[in-house]
Amino acid sequence: MKTPRIVSEFRAGLGQGELLIQNCNSCGKPNMWPRYACPHCQSDDLGWAKSSGKGTLHSFCVLRQGAPEGFDGDLPYAIGVVKLDEGVQLLARLEASAPDDWSAYSCDDRVEFVAPGAAEAQRRPCAIFRRAAD
Ligand SMILES: [Zn+2]
């Protein structure tokens, strides 16, 4: 399947170990999820900026069964809403804190981006986060 243009740079960034946020070149505000026009000023002059990769875990859940079609092979896995320090949020995978175990996570934990590796970014192009050391 051809990668839609609007997410191709985000996915390329993941493959290079970077978490990119769409950024408006007109008003300077970040956007997440990527759009064709800035939701703040309507400009279509949009670029990408590297995120600090630091954020707060707003919410999460662990899937052990009943995954959507095409995701059965990933079970178990955890997804969460991460609010980045840049002020935008995204849906991301959470790295297990022990094999198949996410019990160390709590809402409002500080989390940090983990580079998925080029092969994993190609297979499943989504950001991965883990609990931050601090
Ligand atoms: Zn703007």
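About the cut-offs
Residues numbered from 1 in each chain as written. Predicted model: local features only at pLDDT ≥ 70, side-chain atom pairs only at ≥ 80, totals over all residues. Heavy atoms only, no water. Pairing = 2+ DSSP bridges. Helix = DSSP H or I, 4+ residues; strand = E, 2+ residues; numbered from the N terminus. Axes fitted to C-alpha atoms, helices over the stretch in contact; angles between N-to-C directions.

**Details of the sheet that holds strand 8 (residues 128-131)**
In spatial order, the strands read 4-5-6-8-7; together these 5 strands close into a barrel with mixed pairing. On average, adjacent strands in this sheet sit at an angle of 50° to one another, irrespective of strand direction. As defined by bridge partners, strand 4 (residues 54-63) adjoins strand 7 (residues 110-114) across 3 bridges and the pair is classed as antiparallel. Each bridged residue has a counterpart across the sheet, and for Lys 54 the counterpart in strand 7 is Glu 112.

**Description of the sheet that holds strand 1 (residues 20-24)**
The strand order across the open sheet built from 3 strands is 2-1-3, with neighbouring strands paired in antiparallel fashion. Edge strands, defined here as strands with exactly one partner in the open sheet, are strand 2 (30-31) and strand 3 (46-50). Note: strand 1 against strand 3, 5 bridges, orientation antiparallel. Looking across to strand 3, one finds that Gln 22 is bridged to Trp 48.

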